[in-house]
Amino acid sequence: MDISSASTVVLQTLTQAASQDTAVLKPAEEQLKQWETQPGFYSALLNIFTNHALDINVRWLAVLYFKNGIDRYWRRIAPHALSEEEKSSLRAGLIANFNEPVNQIATQIGVLIAKVARLDCPRHWPELIPTLLESVKVQDDLRQHRALLTFYHVTKTLSSKKLVADKKLFQDLASGIYSFACSLWNHHTDTFLQQVYTGDASAIHSLERTLLSLKVLRKLTVHGFVEPHKNLEVMEFLNTVFERLKQFLECRKYIYGRQVNQENMCNEKLEKTIILFTKVLLDFLDYHPFSFISLIQRSLEFAVSYVFTGAGEGVVFERFIVQCMNLIKMIVKNESYKPAKNTEESKPETLEAHKIKIHFFNYSTLTEICRRLVSHYFLLTPEELSMWEDDPEGFAVEEAAGDSYKYSLRPCTEVLFLDIFHEYSQTLTPVLLEMVQNLHGPTNVDNTVGLVVKDAVYNAIGLAAYELFDSVDFDQWFNSQLLAELQVTHIRYKLIRRRVIWLIGQWISVKFKSELRPMLYEAILNLMQDQDRVVRIETATTLKLAVDDFEFRTEQFIPYLENIFSLLFHLLQEVTECDTKMHVLHVISCVIERVGMQIRPYVGCLVQYLPLLWKQSEDHNMLRCAILTTLIHLVQGLGADSKNLYPFLLPVIQLSTDVSQPPHVYLLEDGLELWLVTLENSPSITPELLGIFQNMSALLELGSENVRTCFQIINAYIFLTSSEFLQNFAAGLCQSFCELMQDITTEGQVQVLKVVENVLKVNPILGPQMFQPLLPSVLKGILDGEKYPVVMSTYLGIAGRVLLQNMGFFSSLLNQIALELNQEMEQLLGNIIEMWVDRMDNITQPERRKLSALALLSLLPSENSVIQDKFCGIINICVEALHDVLSEDPDTGTYKDCMVMSHFEEQKVSDDEEPPTEQDRRKKLLALKDPVHSVSLQQFVYEKLKAQQELLGEQGFQSLMESVDTEVIRQLQGFLQKL
């Protein structure tokens, strides 16, 4: 590309690419894409975005195309890489002039230069850093700012490199420029502070330079030194941070006090700078905990004074308080500052840090922090109380979820309280208990401050429940005070009703007697009818914790089930926010799951409402996930009656498991689970339920962590309607399985083979024909001596099914393999029996061991020399299996095959057990027809040996028996004598 003419052509195309008309835009984009690999293209882009007379949008596009090109074509080894000559020219052009007038473009140019620096600095671009250092000294405000902006982005990028050599290069850079960076920052900081107090309007520009130079120093300080505590300049800077922080906080107070025009003074940028100071300390503590030791005392004194004493009044702001709390928390929790149990094993630095912490966190300081956290920071603010009134659902959900403790004051406060309480519980427990004792009895409803304080103290008791286990008799407190407080119905007392029921929820899994549960359910029933919605939502949360607890007893809850479930349903209808509906649905799901089939009489209204809610939640996939979860538990609770839900249920499953539908990304996992439980509880197949299986082929192709559930679904169809299902889907399923077996884990192979085994179990005649393409590999796997025991066990299970129940097909299969391998069929049979005997120990399931014995015995009686040659092995397997399945009746001295089932017995289950599903019943009925459960192995052995004896005659049979070990014969005779 000729540079002299290229810029004009590229400019014209970029102008078209910036058009809003797609007919103009698309061809221009295609043209630019073709030029990406042309020599001279990036030189043309550089000429365009450095020409300030051109349209801003066109220049912006030019910068973006240049920036994207660095990722693709700047590296030497990249396809269509830029030439070294062009790159050299571009590097020189990028730092020729720091005079970009547009902020957004200047930032992009800074990022762009940093990207090049990441690849080329310092080896191929040694002049970059010296040029930047010189440029930040110039008197021109614009050039100085742009150079400093670029300096920051370069420093940020170079500090992020992880290779050892790159880290060493950055450390060398940091050592060389650290002194300059410090003096630059101090200069801009002093200039800004002087300008603020003299009312100079250019203070905002100095503040921007202060912020940028501090960002550079942050990266140099944290990432530029291996042992920063040994560098005097670094430690001097960090100590200066505390002084500067105080100056900037006072400056902020001064600006607000004088009510200077906030827009001109840019208080937002001032607060950003203050927060950046705290980030310097937090990052340094995080990366260099031992180097930070000399700063622990000062950091704690600084943070505690501003956050927990009067020094911070009128000075601090929320984000700064959060940062100070994070600083305290990180020091308290830092593992580097915690000595080992045997102090002699601890580093001296650790012991020094621990000593500083012990000295600082004395009784007086800890008490003050604890009291102030609870009585000041835990108090509900006027804004929160207003939100409670104006947006109760928003308040309830926000309180329950909590924002990240790093950025939001309330969660941050609670986390700090918990960390300090955990670390110093012996000191703080009496303090907290005293605060509770001072609030004994109901609070006057007219005492608004008293109500808010009690709410805060109860909050602390709930948060510290695990720490207070041995110090609080919660059962006694529940009986003597908390229950009474729940019964105060005054509207202003809603703060305490809501907090008390929350508090009980926190203690349920910690310390709460089972005998008190009915009293709690009674209280929940009353509160679910409370006039305040926040109280009702919180009560629902505690109900979930109560029924989800391991000490939950269904019989205690049943008397309250109907009324509570009805109230939950009304709450679900009443709330309007998506998050709140999800929350209530989760509670409903949990209740249904725990009470099981006893929910049946009460779910009519819910069943009618869910289709409407599903329709309303079309744009809220997470709410739909909650509906799916509810449906899963509902189907399990309804059992066979869930068939009445099919008009709604089956389209939901269809949509959720269709990978061509966008919502499947969110709904698939729960949709598959719902599909499975629907099949397991279905009393019979319907065309619609069968039709959903059309989705399965794509799901198997997709692969993923859900494949196991897919196999369970396939098995469920097999047990539900083997003939109809196999006629419709066996061919496609067999093809999917053949493809899967080529690229699947060992565990996945076993899952596929188990499906085939189930097909053979339910349909021994048609099953082998339908899955014939898979079966040769099974017999070949046995012949090859499959090395994985679980796979071999499954192979033998499949072979046993075919041999025992469809010998004709087994013979044809063996014949097919013999032709393929050019071997004698009888020789292959002998090899299979030999491997079967050798790998019998791979089979751990008693059912499969018995199946192997039955299958090999089915080869008798026989005059085949190969089978007679393997007779000893067959008898060995039979005797092993007899040991597995026979139990002796001590009264009669006879043996009984414990696997034989004579009739179907309805399983009796306790309240704590899951009732049997329709699929469980189907499996039991199937077992009645299965030879493993319908044929006595003892009787079968006897009949087969007797038939063999009749075939060969006494002498021939005795000759055959002589091939068997005498001890095995003795055991066999012992079993057969007691028929």
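Calculation rules
- Residues numbered from 1 in each chain as written.
- Predicted model: local features only at pLDDT ≥ 70, side-chain atom pairs only at ≥ 80, totals over all residues.
- Heavy atoms only, no water.
- Helix = DSSP H or I, 4+ residues; strand = E, 2+ residues; numbered from the N terminus.
- Polar contact = N/O pair within 3.5 Å; in protein donor to acceptor, adjacent residues only side chain to side chain.
- Disulfide = S-S within 2.5 Å.
- Expected span 1.5 Å × (residues − 1).
- Buried < 20%, exposed > 50% of the residue type's maximum accessible area, 1.4 Å probe, protein only.
- Core = buried A, V, L, I, M, F, W, Y, C linked by side-chain atoms within 4.5 Å.
- Contact = heavy atoms within 4.5 Å.
- 1 Å grid on protein atoms, 1.4 Å probe; cavity = no way out; pocket = protein on both sides within 12 Å on 5 of 7 lines; lining within 4 Å.
- Points joined across faces, edges and corners; volume = space filled by probe spheres on them.
- Nonpolar A, V, L, I, M, F, W, Y, C, P; charged D, E, K, R; others polar.
- Patch = residues over 30% accessible without salt bridge, like charges linked within 9 Å, V, L, I, M, F, W, Y side chains within 5 Å.
- Areas by Shrake-Rupley, 256 points an atom, 1.4 Å probe, with all protein chains shown as cover.
- Salt bridge = Lys/Arg side-chain N within 4 Å of Asp/Glu carboxyl O.
- Lys, Arg positive; Asp, Glu negative; His and termini not counted.
- Charge placed at Lys NZ, Arg CZ, Asp CG, Glu CD.
- Axes fitted to C-alpha atoms, helices over the stretch in contact; angles between N-to-C directions.
- Parallel < 35°, antiparallel > 145°, perpendicular 65-115°, else oblique.
- Left-handed = near helix turned anticlockwise from the far one by under 90°.

## Observations concerning the environment of Glu301
Line of reasoning, step 1. Along the polypeptide, Glu301 turns up in helix H14 (residues 293–308).
Line of reasoning, step 2. Of the polar contacts made by the side chain of Glu301, one reaches the side chain of Gln297; its length is 2.8 Å.

## Considerations on the state of the cysteines
Line of reasoning, step 1. For the structure shown, the criterion picks out zero disulfides.
Line of reasoning, step 2. Here Cys412 is not disulfide-linked; the sulfur of Cys324 is the nearest cysteine sulfur, at 9.7 Å.

## Description of helix H22 (residues 448–463)
Line of reasoning, step 1. The end-to-end C-alpha distance of H22 is 23 Å, a good match for the 22 Å that 16 residues give at a rise of 1.5 Å each.
Line of reasoning, step 2. Of all the 16 residues making up H22, 13 are buried; the element is thus mostly covered by neighbouring parts of the structure.

## Here we look at the nonpolar core
Line of reasoning, step 1. Grouped together as the largest cluster of nonpolar side chains are 338 residues, with contacts concentrated most on Phe66, Phe417, Trp675, Ile714, Tyr717 and Phe737.
Line of reasoning, step 2. Sort the elements by how many residues they give to this core and helix H35 (residues 707–742) lands first, with 19 residues.
Line of reasoning, step 3. Ranked by size, the runner-up nonpolar core spans six residues in total, among them Leu380, Trp388, Phe395 and Val452.

## Remarks on the side chain of Ser862
Line of reasoning, step 1. The topology assignment puts Ser862 in the loop between helix H42 (846–857) and helix H43 (865–869).
Line of reasoning, step 2. For Ser862, a relative accessible area of 11% puts it in the buried group.
Line of reasoning, step 3. Here Asn864 takes part through its backbone nitrogen, which lies 3.0 Å from a polar atom of the side chain of Ser862.
Line of reasoning, step 4. If near-sequence neighbours (up to four positions away) are discounted, Ser862 is found in contact with Ile867, Gln868, Gln948 and Leu951.

## So, empty space enclosed by the protein
To locate leftover empty space, one rolls a probe as large as a water molecule over the atoms.
Line of reasoning, step 1. Within this structure, the stated rule accounts for two cavities of 30 Å³ or more.
Line of reasoning, step 2. The computed volume of the largest cavity comes to approximately 40 Å³.
Line of reasoning, step 3. Every residue along the wall of the largest cavity is listed here: Leu775, Val778, Leu779, Ile798, Ala799, Val802, Phe810 and Leu813.
Line of reasoning, step 4. At the level of elements, helix H38 (775–783), helix H39 (789–805) and helix H40 (807–821) are the ones that each hand at least two residues to the lining of the largest cavity.
Line of reasoning, step 5. Residue composition of the lining of the largest cavity, by class: eight nonpolar, no polar and no charged.
Line of reasoning, step 6. Lining the second largest cavity are Leu668, Leu672, Leu699, Leu702, Gly703, Ser704, Asn706, Val707 and Cys710.
Line of reasoning, step 7. Elements represented by at least two residues in the lining of the second largest cavity include exactly helix H32 (664–680), helix H34 (696–702) and H35.
Line of reasoning, step 8. Residue composition of the lining of the second largest cavity, by class: six nonpolar, three polar and no charged.

## Here's the deal with a negative patch on the surface
Line of reasoning, step 1. A cluster of like negative charges, contributed by Asp390, Asp391, Glu398, Glu577 and Asp579, occupies part of the molecular surface.
Line of reasoning, step 2. In this structure, Asp579 sits in helix H28 (residues 578–595).

## A short note on the layout of surface pockets
Line of reasoning, step 1. By volume, the largest pocket amounts to about 980 Å³.
Line of reasoning, step 2. For the largest pocket, the lining is made up of 44 residues, of which Tyr377, Glu384, Leu409, Arg410 and Pro411 are closest to its centre.
Line of reasoning, step 3. Tallying contributions element by element places helix H20 (residues 409–423) first for the lining of the largest pocket, with seven residues.
Line of reasoning, step 4. The computed volume of the second largest pocket comes to approximately 740 Å³.

## Here we look at the environment of Tyr942
Line of reasoning, step 1. With respect to the element layout, Tyr942 can be found in helix H47 (residues 937–961).
Line of reasoning, step 2. Assessed through its relative accessible area of 34%, Tyr942 is described here as partly exposed.
Line of reasoning, step 3. Sequence separation between Tyr942 and Leu976 is 34 residues; the distance between their C-alpha atoms is 6.6 Å.

## Topic: the side chain of Lys494
Line of reasoning, step 1. Along the polypeptide, Lys494 turns up in helix H24 (residues 494–508).
Line of reasoning, step 2. The class for Lys494 is buried, based on a relative accessible area of 6%.
Line of reasoning, step 3. The residues contacting Lys494, other than those within four sequence positions of it, are Trp388, Glu389, Asp532 and Val535.

## Details of the packing of helix H25 (residues 517–527) against helix H26 (residues 533–547)
Line of reasoning, step 1. The N-to-C vectors of H25 and H26 enclose an angle of 155 degrees; their axes lie 9 Å apart at closest approach. The orientation of H25 with respect to H26, classified from their angle, is roughly antiparallel. For the pair H25 and H26, the sense of crossing is left-handed. Counted together, Arg517, Leu520, Tyr521, Ile524 and Leu527 of H25 and Val535, Arg536, Thr539, Leu543 and Ala546 of H26 form the full contact between these two elements.
Line of reasoning, step 2. Of the residues assigned to the contact of H25 with H26, the class counts are seven nonpolar, one polar and two charged.

## Regarding the pattern of salt bridges
Line of reasoning, step 1. Per the counting criterion, the structure on display carries 46 salt bridges.
Line of reasoning, step 2. Here Glu880 makes a salt bridge to Arg849, at a shortest N to O gap of 2.9 Å. With Glu880 in helix H44 (residues 871–885) and Arg849 in helix H42, this residue pair connects regions lying 31 residues apart in the sequence.
Line of reasoning, step 3. Of the residues examined, Glu880 reaches a relative accessible area of 31% and is grouped as partly exposed.
Line of reasoning, step 4. For Asp897, the salt bridge is made with Lys850, and the minimal N-O distance between the two is 2.7 Å. Linking Asp897 in strand S2 (residues 895–897) with Lys850 in helix H42, this pair joins segments that are 47 residues apart in sequence.
Line of reasoning, step 5. Of the residues examined, Asp897 reaches a relative accessible area of 4% and is grouped as buried.

## Description of unusual backbone geometry
Line of reasoning, step 1. Following Cys121, the chain continues into Pro122 via a peptide bond in cis, with omega recorded as 0 degrees.
Line of reasoning, step 2. Structurally, the position occupied by Pro122 is in the loop between helix H6 (103–120) and helix H7 (128–135).
Line of reasoning, step 3. With an omega of -5 degrees, the peptide bond running from Leu860 to Pro861 counts as cis.
Line of reasoning, step 4. By the element assignment, Pro861 lies in the loop between H42 and H43.
Line of reasoning, step 5. The phi dihedral of His80 falls on the positive side, at around 60 degrees, and the residue is not glycine.
Line of reasoning, step 6. Summarising the element assignment, His80 is placed in the loop between helix H4 (56–73) and helix H5 (84–94).
Line of reasoning, step 7. For Asn822, which is not glycine, the phi dihedral falls at a positive 55 degrees.
Line of reasoning, step 8. With respect to the helices and strands, the residue Asn822 is situated in the loop between H40 and helix H41 (825–838).

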